[in-house]
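Structural characterization, general
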Amino acid sequence: MAEDVISLFTSIGLSEQKAKETLKNEAVTENLKEAISEARKILGGGEVSKSTGTLLYHVATKIKLQIKQHFLTLVQYVALERINSEVRLNAALDYLMSHPSSALDVTSFEESCGVGVVITPEQVEQVVEEIIREQREEIVKKRYNFNAGQIMTAARLKLQWADGKAIKNEVDIQILDLLGPKTEADMKQPSKNKAKPVIEVQKNEKTSNIKESEIQSNGVAEVTTVAEMMRTKVHFHKPGENYKTDGYVITPKTMDLLKEHLEITKGGIRTRFPPEPNGILHIGHAKAININFGYAEAHNGICFLRYDDTNPEKEEEKFFTGIRDIVEWLGYKPYKITHSSDYFEQLYEWAKDLIKKGLAYVCHQTADEIKGYNPPPSPWRDRPCEESLQLFEDMRKGKIDEGAATLRMKCTLEEGKIDPVAYRIKFLPHTRTGDKWCIYPTYDYTHCLCDSIEHISHSLCTKEFQSRRSSYYWLCNALDIYCPVQWEYGRLSMSYTVTSKRKIAKLITEGIVDN
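Residues numbered from 1 in each chain as written. Predicted model: local features only at pLDDT ≥ 70, side-chain atom pairs only at ≥ 80, totals over all residues. Heavy atoms only, no water.

Details of the environment of Glu38
The criterion, for reference: Only DSSP runs of H or I reaching four residues or more are called helices, and only runs of E reaching two or more are called strands; each is numbered from the N terminus. Each residue gets one of three labels from its accessible area relative to the maximum for its type: buried under 20%, exposed over 50%, partly exposed in between, using a 1.4 Å probe on protein chains only. Throughout, a residue-residue contact means that at least one pair of heavy atoms, one from each residue, lies within 4.5 Å.
Within the secondary structure layout, Glu38 lies in helix α3 (residues 26-42). Judged by relative accessible area, Glu38 falls into the partly exposed class, the value being 23%. Sequence spacing of Glu38 and Leu507 is 469 residues, and the spatial spacing of their C-alpha atoms is 64 Å. Non-local contacts of Glu38, meaning those with residues more than four positions away in its chain, are made with Leu72 and Val75.

What about the packing of aromatic side chains?
Put simply, the rule is: A pair of aromatic rings is counted whenever rings of Phe, Tyr or Trp (Trp by its six-membered ring) have centres within 6.5 Å, and the orientation is called stacked for planes under 30 degrees apart, edge-to-face for over 60 and tilted otherwise. We count a charge as sitting over a ring when the NZ of a lysine or the CZ of an arginine lies within 6 Å of the ring centre and within 35 degrees of the ring normal.
Throughout the structure, instances matching the rule amount to 16 aromatic pairs. Ring geometry for Phe236 against Trp487: centres 4.7 Å apart, planes inclined by 35°, an arrangement best described as tilted. Separated by 251 residues along the polypeptide, Phe236 in the loop between α13 (226-232) and α14 (254-265) and Trp487 in strand β9 (residues 485-489) bring together distant segments of the chain. Phe236 sits in the partly exposed class, given a relative accessible area of 25%. An aromatic cluster of three or more residues is present, and its members are Phe344, Tyr348, Phe392, Tyr423, Trp437, Tyr440 and Tyr445. The ring centre of Phe71 lies 5.6 Å from the NZ or CZ of Lys68, which sits over that ring.

Some points on the layout of surface pockets
Short version of the rule: Grid points spaced at 1 Å over the protein atoms alone were grouped into cavities, where a 1.4 Å probe fits but cannot get out, and pockets, open sets with protein on both sides within 12 Å along at least five of seven lines, with lining residues defined by an atom within 4 Å of a point. Grid points are joined across faces, edges and corners, and a volume is the space filled by probe spheres set on the points. Basically, the charged four are Asp, Glu, Lys and Arg, the nonpolar ten are Ala, Val, Leu, Ile, Met, Phe, Trp, Tyr, Cys and Pro, and anything else, Gly included, counts as polar.
Empty space within the second largest pocket amounts to approximately 200 Å³. As for the second largest pocket, its lining consists of 13 residues, and the residues nearest its centre are Asn84, Arg88, Val117, Trp161 and Asp163. Counted by class, the lining of the second largest pocket contains five nonpolar, four polar and four charged residues.

Observations regarding helix α18 (residues 385-396)
Quick note on the threshold: Helix span, as expected, comes to 1.5 Å for every residue beyond the first.
In a regular helix each residue adds 1.5 Å, so twelve residues correspond to 16 Å; α18 covers 16 Å between its end C-alpha atoms and thus fits that length. When we look at burial in α18, the residues that qualify are Ser388, Leu391, Phe392, Glu393, Asp394 and Met395. Contacts made by the buried residues of α18 are with α17 (344-356), β4 (360-363), β5 (406-409), β6 (421-425) and β7 (439-441). One or two steps after α18, the chain reaches Gly398, where phi turns positive at roughly 80°.

With respect to the nonpolar core
Applied cut-off: Definition of nonpolar core: a set of buried residues of the types Ala, Val, Leu, Ile, Met, Phe, Trp, Tyr and Cys, connected through side-chain atoms within 4.5 Å.
Within the largest apolar cluster, 41 residues are counted, with the highest numbers of intra-cluster contacts made by Phe392, Leu407, Tyr423, Tyr445 and Leu449. With seven residues, the single largest contributor to this core is α17. Membership of the second largest hydrophobic core comes to 37 residues, among which are Ile6, Ala35, Phe71 and Met97.

What follows is the structure, given as structure tokens:
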């Protein structure tokens, strides 16, 4: 079976090694098999050429879930050689990503990717000649040490749909015609003992404190602040372009919700730092604070300090105060201080909506029974919605014992965990809501919904939450509400340093360190 697929892939020009590597990716393999099959049908059973095969491979690897409905359309354009270069294909993919939920406007689509545009050799020759004429003095001075890539880049800007190889060949011919064959001097490697260039750094309020020692030899100032790093080194999506990110799910309401989001935020960036107020922050939290507040500051956005106060068991007022003090000590001022508990009423109403839609149910399995990654399926998963609604109301009114029931969502996390818990019973008073509630939402349920309520544009969290990204998107879309984009970054770990709130709490309770 595998040999047949490898033979299929090599028939379109892939090397045997590339074909074997492709087999390791199940999604790409299925895409490419479908693309080849469809292309052969379009060609009347004929073989796929190597140039067409290369583009089909790019379609199979670059297509995103958001535009998968246009997959066969792209294959058709490639098979008929209406899209006959990677430049055209990339332009086509960009166009489709910018119009993910709308019906394909064929005329606009073809204009965007240069379908039917023919660049003649004479046009290439003329444009290259003009560019070389403009840079003739420098070319003659530097001869073959001149960077010919500048000419090719300039030519591509003027002739967007020209073949890259045709441009390169023309550049080589015209430079040879201008300079003649290479001499012995041209063949010598340029001396590396050059004087370092004088570097000018434009001063402004962000760079006025840059020292000469912080300037690299290539003329680029080293990043000296978190905001500068976030501005120059981090490249997330633009506000409102959530649908262009990997894994983002588009529904019929997505574009309208994004339009409303942009009207509310005025196109600004919004982040949040959402700590649980159940312990003392550590050096890892300092990284999280700097990333969330720093990214917003770097792009003139705003950052919320949101306390994730959904577990009254360990929350104390001193932790609320301590977290705010640390944020301000690091030099940041929250746009607004909020609490997950501010939204308990709305979260409860949305939970009932999930039950009514058949997407959540009340379960009586114990915590021990649903631990791990292979728990037995819940016998209550398919109970009637009306029954779950009544039981959920009984949970809220305190009629069911703690641990005897939970509300679970009908979804699966990337890590394989099935039906995560949304609500559990805790007969404990809350620091802010008192005795009003005896059911409390979990992180898996609360996090994305609070982000949606506050219209967060970039939900930045550490890598361990990557496995929850799909459920994050699933829950927002299940409720037909605005869905932010989750981005993950690596946790900060330091040797000989405690980066665990639980372990820090133990050090305090055992009197090893002061509170």
